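Here is how the chains run, residue by residue.
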Amino acid sequence: MEKKPSINIPEEVSRVPEELKKAGFEAYLVGGCVRDVLSGRKPKDWDVTTNAQPEKIERLFANTFYENDYGTVGIVNEDISDETLKVIEVTPYRIEGKYSDKRRPDTITFAKTLEDDLKRRDFTINAIALSIEKISGETHKFSIIDPHGGSIDLTKGIIRAVGKADERFKEDALRVLRAVRIATEMKFVLDKDTEAALIADGDLLGHISAERIRDEFVKILMSDMPADGLRLAHKLGILKYILPELEEGIGIEQNKAHAFDVWEHLLKTLQHSADKKWPLHIRLAAILHDISKPETRRKNPSTGEWTFYGHDVVGARKVRVILERLKFSHEIIDKVTRLVRWHMFFSDTETITLSAVRRLATNVGPENVWDLMNVRMCDRIGTGRPKESPYRLRKYQSMIEEALRSPLTVGMLKINGTDIMSICELKPGREIGYILHALLEEVLENPELNTKEYLENRANMLAKLPIDELKKIGEKAKLAREEEDEKIVEEIRKKYWVK
Ligand code: ATP
Ligand code: MG
């Protein structure tokens, strides 16, 4: 056992094994969190394993809940902002019974020893236990229990199955995908035997539920090198269980403007979205935006050039089917299909009109316009073209902001023409417009005046003025409003340094 002085475990975590040990049980941090801590990464979640039974675990902590599946007890840390520390999961040592569905053991049996528990884990780097011993106050002594050589594989950068790889993949086929996902996240390589078994057993992924596959797929997408991950999945013959449509793009050459085939272009677009640290829906749109290029490709007989007419429309439909199959949320499906549907938007800042930008915003949804811009930038880089000129980018941004801003209109008022007619007992006529403009001017000066009560009062006063005087006030207000509007547009353009 070796001492690891640089290890830093949050108090919210270390208190859990400490309490268990005080009560006379064994308790260790185990699994992904140990792997991540030993390699200087931030764990996504924290797991503790112990020889205590679930009821005993529950009794030791104030706020717990019972997760019946594996006898796991969640220990809740209240009032903590770090998502990863909210629930610490404590699972009794276990061995697994027979698997008949390639995914879940038919029976869960508690194990007597830590060693038995480590034996049932998937990869050596995930089968290290970390013992924490409090020496005094903040000082802890750490030691690892590592019967499968996980810490050596961790330093060498190797994913190696615990025990016989072939047996382990046959027990639970999800491990096939976990291997690729973890290799991608950690930038590790697969051990030779593990890789051979993985290739042999890859087809067992057909037994795994869409949700489980989706979760691993998302983790690959959200890693630093998602393109490498999908390439690896393809090489090992398992991409067809995640996104077979992507492989249809292999060898689909495009025109001279595109340096790459569709497959390579989509991977490069995805990689750029990861380099930019964009969220999941943008990464999905990046990898899927040209998914229908293979089936829409035609040769233009006169020019001999390839065309892909309608690949955006057909693609959006196909993307919906794909994302539904993978059981993504409706919110994600909606966003990604819109981004794919509109990714071909016309974007020449020299000739595009504000109304075209406004129409685009309505189509893709105002809340998605910026995301669409980002997808487009990834698309551009993925095509092998240089970055958009800074001026053109700023011009786009300025135009979008102009198109999206709510103009200053009488519609902003808490009162309308009909209200005014009934309050002031007026018939339809010019007066109504004058009054509305005068009120808007006041509200723009002082937004607090935009209440029904105030405006009704003011309308009554204005209505009593001679028509000539009211006309003067109304027209002056309208002019002032138009000038104000222009000023706002100027401000936006100034902000982006564009004309
Ligand atoms: P992440 O960083 O995504 O949390 P992880 O390896 O910690 O990755 P978890 O689902 O949190 O994944 O699982 C915690 C631990 O449980 C793993 O490190 C591994 O020891 C064990 N484990 C998880 N899934 C399997 C599996 N399918 N087969 C065997 N052991 C598994
Ligand atoms: Mg984990």
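What counts, and where the lines are drawn
Residues numbered from 1 in each chain as written. Chains lettered and ligands numbered in written order. Predicted model: local features only at pLDDT ≥ 70, side-chain atom pairs only at ≥ 80, totals over all residues. Heavy atoms only, no water. Helix = DSSP H or I, 4+ residues; strand = E, 2+ residues; numbered from the N terminus. Contact = heavy atoms within 4.5 Å. Near = heavy atom within 4 Å. Polar contact = N/O pair within 3.5 Å; in protein donor to acceptor, adjacent residues only side chain to side chain. Areas by Shrake-Rupley, 256 points an atom, 1.4 Å probe, with all protein chains shown as cover. Nonpolar A, V, L, I, M, F, W, Y, C, P; charged D, E, K, R; others polar. Domains from an automatic or database assignment. Pairing = 2+ DSSP bridges. Axes fitted to C-alpha atoms, helices over the stretch in contact; angles between N-to-C directions. Buried < 20%, exposed > 50% of the residue type's maximum accessible area, 1.4 Å probe, protein only. Arc of directions from axis to C-beta.

With that out of the way, let us pick up the side chain of His 272. Considering the arrangement of structural elements, one finds His 272 in helix 12 (residues 262-275). Not counting residues within four places of it along the chain, the set of residues in contact with His 272 comprises Met 377, Cys 378 and Ile 381.

For the rest of this paragraph, the subject is the site of ligand 1. Around ligand 1 there are 16 residues in total, and Arg 35, Asn 126, Asp 172, Arg 175 and Lys 219 lie nearest to it. Arg 35 is positioned such that a nitrogen or oxygen atom in its side chain is 2.9 Å from an oxygen atom of ligand 1. A distance of 2.7 Å separates a nitrogen atom of ligand 1 from a polar atom in the side chain of Arg 175. Alone, ligand 1 offers 580 Å² of accessible surface; in the complex the protein occludes 85% of this. Where the shell around ligand 1 is concerned, the elements lending two or more residues are helix 2 (32-38) and helix 7 (174-186). Tallying contributions element by element places helix 7 first for the shell around ligand 1, with three residues. Within the shell around ligand 1, the residues separate by chemical class into no nonpolar, three polar and 13 charged. Summarising the domain contributions, the shell around ligand 1 has at least three residues from each of domain 1 (11-153) and domain 2 (157-242).

Sheet strands associate in pairs through backbone hydrogen bonding, adopting either a parallel or an antiparallel arrangement. Taken in spatial order, the seven strands line up as 3-4-5-2-1-8-9 in an open sheet, and their pairing is mixed. The strands lining the two open edges of the sheet, one partner per strand, are strand 3 (64-67) and strand 9 (139-145). Put simply, the sheet's adjacent strands are angled 30° from each other on average, direction ignored. Here strand 1 (residues 27-30) pairs with strand 8 (residues 129-136) via two bridges, running antiparallel. Pairing of Val 30 across the sheet is with Ala 129, part of strand 8.

So, about helix 20 (residues 417-424). Of the positions making up helix 20, those classed as buried are Gly 417, Ile 420 and Cys 424. For helix 20, the arc enclosing every buried residue in end-on projection is 60°, short of the 170-degree limit, so these residues lie on one face. Across from the buried face of helix 20, at angles greater than 90 degrees, the exposed residues are Thr 418 and Ser 422. Check the buried side of helix 20 and you find it contacts helix 21 (430-445) and helix 22 (452-463). The backbone nitrogen of Thr 418 has a side-chain oxygen 3.1 Å away, supplied by the residue at the start of helix 20, namely Asn 416. A positive backbone phi angle near 50° is found at Glu 425, which sits one or two residues after helix 20.

For the rest of this paragraph, the subject is unusual backbone geometry. One non-glycine residue, Lys 187, lies in the positive phi region at around 60°. The residue Glu 425 is not glycine, and still its phi comes out positive at about 50°. One can find Glu 425 in the loop between helix 20 and helix 21. Of the residues examined, Glu 425 reaches a relative accessible area of 72% and is grouped as exposed.

Moving on, we come to the side chain of Glu 216. Among the structural elements, Glu 216 can be located in helix 9 (residues 210-221). Under the relative-accessibility criterion, Glu 216 is labelled buried at 5%. When residues no more than four places from it in sequence are discounted, the contact partners of Glu 216 are Leu 174, Leu 177, Arg 178 and Arg 181.

Remember, this is a structural readout, not a statement about activity or role.
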